[in-house]
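Observations on the model geometry
Here is what each chain is made of, one letter per residue.
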Amino acid sequence: MSNVLVQERDIVIPGEILAEGMDYLPGENTYRKESAIYSKVLGLVSIPGRVIKITPLAGPYIPRVGDKIIGKVSDITLNGWRVDTGTAYSAFLNVKDATTRFIKKDEDLSEIIAIGDYVVVILVNVTSQNLIDLTMKEPGLHKISGGRIIHINSQKVPRVIGKQGSMISLIKEKTGCDITIGQNGHVWIKGTTNGEYLAERAIKLIQEKSHQDGLTERMQKFLEDKRV
Amino acid sequence: MVYKKRLDERKVDELRPMEAKAGVIPNADGSAYFKIGNTVCYAAVYGPRELFPRFLQNPKKGLLRCHYSMMPFSGSGERIRPGGNRRSQEISMVMNSSLEPVMDLSAFPNSVVDVFVDLPQTDAGTRCAAISAAAIALADAGIPMKDMVSSVAVGQVDGTVVADLNYNEEAYLGIVSDIPVAMLHNTKELTLLQMDGEISKEDLIKALEMAKIATERVYEVQKKALKERFSRE
């Protein structure tokens, strides 16, 4: 005999009991103790089939292979760059993953990417100790010039992008800005000064209201009102 | 002299009025405000972030580091020196050991989660308020935790077992004991148990039974604060 004690999209806190009995399986951010399933984080319940999992409402960015992130170059070594990912773990970008050009043995790497530059990169390898390797060789990856970088909570990134990119294309269209979102919560906005400012406020607003319903309509209204 | 009626006219098992709010410090990764009577507490969580000095790093799991601090004019009006002292160091340590058992930092090797707790106003029960606030802030920061930690003091004032002593009761002329307790919600395990003063065996058992109910009340306040943080208007 099993019974689920929570409903879909309920907010639960750490240690809250979700289900009793062995009929359900503990999914992400939950754990089983004896015959009950408990939550491990503050988040929203989702029950796809027989698995109970929690979508966190807050929390740090967990690096995953294939994620596109925006990082800041923090150091230059003999064979590449150390990139600050905005988490507890820095990443490494090797020369051979950064450019297709031939680099001579004693060339100054800071002429290609300098310390303090931001780069759009993809994670190619993450170890158990969270050592991260990056690549900049795929289409759409580049060094950033101009515009502004803003930081949002990484858990809100899916909401800022929206279903099939609906939210982000709405903001792009209304503000005329070029926007790139890193999974680590760093967002690059480039456009006119007013457009950048409006886009920044819009993204901050999404972050604040992300758990509420009817976000796209709300955003549409916000952007219409503010447009000169 | 027998302590029959409490100085602030509470019932023996009644806690001072509590208030809690999560997400009060925008620049922190997680934060909380917790007030019990005249004891006011702010907790801010930063991290997981890179840990220095390097020799403290643990490649198997992240480190939890608590910092407790009472503000210069938080007490009776006398200015106390701000920053760390022997007392705050010990309280930071007991906070750490009462929160550590529920934290699951295995996903964050070599990193640190910093918890800063500041008390702008104090009226006894500060370490309990600090632990309760820190637990809310850690949950608000989205750090995996197996359970919630709720903390409150119980004790005995001149022969009467009471919950949540204020400063006047702690300073009562007579035999007084003050027992700060931190308890996990699901398992009812104790993660903090200290004592100051004297108490009989029977009274201690009675006090700890009282603590079970008292921490549950704190838990309700913590839970409400966290759920309100992300409620849909």
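Residues numbered from 1 in each chain as written. Chains lettered and ligands numbered in written order. Predicted model: local features only at pLDDT ≥ 70, side-chain atom pairs only at ≥ 80, totals over all residues. Heavy atoms only, no water.

1. Brief notes about the overall build of chain B
- The number of helices and strands found in chain B is 4 helices and 10 strands.
- Sequence-ordered secondary structure for chain B, helices as α and strands as β, is β-β-β-β-α-β-α-β-β-α-β-β-β-α.
- Computed over the C-alpha atoms, the radius of gyration of chain B is 18 Å, within 12% of the 17 Å expected from 2.2 N^0.38 for a compact globule of 233 residues.
- For the C-alpha atoms alone, the extent of chain B along its principal axes is close to 55 × 40 × 40 Å. (Helix = DSSP H or I, 4+ residues; strand = E, 2+ residues; numbered from the N terminus. Rg over C-alpha atoms; globule rule 2.2 N^0.38 Å.)

2. Overview of the sheet that holds strand β7 (residues 43–46) of chain A
Residues and elements named next belong to chain A.
- If you trace the 4 strands from one edge of the open sheet to the other, you get β2-β7-β8-β4, paired in mixed fashion. Two strands close off the open sheet at either side, each with one partner strand: β2 (11–12) and β4 (25–26).
- Here β2 pairs with β7 via 2 bridges, running antiparallel. Across the sheet, the residue bridging to V12 is G43, located in β7. (Pairing = 2+ DSSP bridges.)

3. Structural notes on empty space enclosed by the protein
Residue and element names in this part refer to chain B.
- In this structure the tally under the stated criterion is 1 cavity of 30 Å³ or more.
- Empty space within the largest cavity amounts to approximately 40 Å³.
- Along its surface, the largest cavity is lined by R16, F34, I36, G125, C128, A129, S151, V152, A153 and D164.
- Put simply, the parts of the chain that give the lining of the largest cavity at least two residues each are β2 (30–36), α2 (126–140) and β6 (149–157).
- When residues in the lining of the largest cavity are grouped by element, the largest group, 3 residues, is from β6.
- Taken together, the residues of the lining of the largest cavity break down into 6 nonpolar, 2 polar and 2 charged. (1 Å grid on protein atoms, 1.4 Å probe; cavity = no way out; pocket = protein on both sides within 12 Å on 5 of 7 lines; lining within 4 Å. Points joined across faces, edges and corners; volume = space filled by probe spheres on them. Nonpolar A, V, L, I, M, F, W, Y, C, P; charged D, E, K, R; others polar.)

4. Brief notes about unusual backbone geometry
- Of note, the amide linkage connecting B:G47 to B:P48 takes the cis form, showing an omega dihedral of 10°.
- Checked against the element boundaries, B:P48 lands in strand β3 (residues 39–50).
- The step from B:F52 to B:P53 runs through a cis peptide bond, and the omega angle for that step is 0°.
- For B:P53, the position within the fold is in the loop between β3 and β4 (63–70).
- In this structure, A:N130 is a non-glycine residue whose phi angle is positive, near 60°.
- Classification of A:N130 as buried rests on a relative accessible area of 9%.
- At A:Q164, a residue that is not glycine, the phi angle is positive and equals roughly 50°.
- Along the chain, the position of A:Q164 falls in the loop between α2 (157–161) and α3 (166–175).
- The exposed category is assigned to A:Q164, whose relative accessible area is 82%. (Buried < 20%, exposed > 50% of the residue type's maximum accessible area, 1.4 Å probe, protein only.)

5. Notes on the layout of surface pockets
Residue and element names in this part refer to chain A.
- Looking at the second largest pocket, its volume works out to about 1,200 Å³.
- Lining the second largest pocket are 44 residues, with I54, T55, P56, Q155 and P158 sitting closest to its centre.
- Within the residue set of the lining of the second largest pocket, elements represented by two or more residues are β7, β8 (51–56), α2, α3 and α5 (215–226).
- Here the element with the most residues in the lining of the second largest pocket is β8; it accounts for 4 residues.
- Composition of the lining of the second largest pocket by domain shows at least three residues from each of domain 1 (3–56) and domain 3 (148–226). (Domains from an automatic or database assignment.)

6. Section: the interface of chain A and chain B
- With 31 residues of chain A in contact, the opposing surface of chain B contributes 31 residues.
- Of the roughly 2,600 Å² buried between chain A and chain B on both sides combined, carbon and sulfur atoms contribute 57%.
- Where chain A packs against chain B, one counts 2 salt bridges.
- A salt bridge links A:K40 to B:D104, with the nearest nitrogen and oxygen atoms 2.8 Å apart.
- Inspection of the chain A/chain B interface yields 11 residue pairs in polar contact (both at pLDDT 80 or more).
- Those elements that provide at least two residues to the side of chain A that touches chain B are β2, β5 (30–33) and β6 (36–39) of chain A. (Contact = heavy atoms within 4.5 Å. Buried area = accessible area lost by both parts, 1.4 Å probe. Salt bridge = Lys/Arg side-chain N within 4 Å of Asp/Glu carboxyl O. Polar contact = N/O pair within 3.5 Å; in protein donor to acceptor, adjacent residues only side chain to side chain.)

7. Remarks on the packing of aromatic side chains
- Following the criterion strictly, the structure yields 4 aromatic pairs over all chains and no others.
- When the ring of B:Y46 is compared with that of B:F116, the centres are 5.8 Å apart and the planes differ by 75°; the resulting orientation is edge-to-face. Residue B:Y46 is located in strand β3, and its partner B:F116 is located in strand β5 (residues 111–121); the two are separated by 70 residues in the primary sequence.
- Between A:R50 and the ring centre of A:Y24, over which it is positioned, the NZ or CZ distance is 5.6 Å. (Phe/Tyr/Trp six-rings, centres within 6.5 Å; stacked < 30°, edge-to-face > 60°. Lys NZ or Arg CZ within 6 Å of the ring centre and 35° of its normal.)

8. Description of the domain arrangement of chain A
- Considered domain by domain, chain A is made up of domain 1 (3–56), domain 2 (68–135) and domain 3 (148–226).
- Distance from the C-alpha centre of domain 1 of chain A to the C-alpha centre of domain 2 of chain A: 39 Å.

9. Focus: the sheet that holds strand β1 (residues 18–22) of chain B
Residue and element names in this part refer to chain B.
- One open sheet accounts for 5 strands, arranged β1-β2-β3-β5-β4; its pairing is mixed. Edge positions in the sheet fall to β1 and β4, since each of these pairs with one other strand and no more. Pairwise comparison of adjacent strand axes, ignoring direction, gives a mean angle of 15° for this sheet.
- Bridge count for β2 against β3 is 7 bridges, and the pairing is antiparallel. Of the residues in β3, the one forming a bridge with A32 is A43.
- Here α2 sits on the sheet and contacts β1, β2, β3, β4 and β5; the angle it forms with β2, its principal contact strand, is near 150°. (Axes fitted to C-alpha atoms, helices over the stretch in contact; angles between N-to-C directions.)

10. Concerning the environment of A:I144
Residue and element names in this part refer to chain A.
- Considering the arrangement of structural elements, one finds I144 in the loop between β13 (132–135) and β14 (148–151).
- Residue classification places I144 among the buried positions, given a relative accessible area of 10%.
- For the pair I144 and L42, spaced 102 residues apart in sequence, the C-alpha to C-alpha distance is 35 Å.

11. Describing α3(A)
All names here are of chain A.
- Every buried residue belonging to α3 is among M167, I168, L170, I171, K174 and T175, and all of these are buried. On an axial view of α3, the arc spanned by its buried residues comes to 155°, and they lie on one face.
- For α3, the secondary structure elements touched by its buried residues are α2, β15 (178–181), α4 (193–209) and α5.
- Two residues or fewer past α3, G176 is found with a positive phi of approximately 70°. (Arc of directions from axis to C-beta.)

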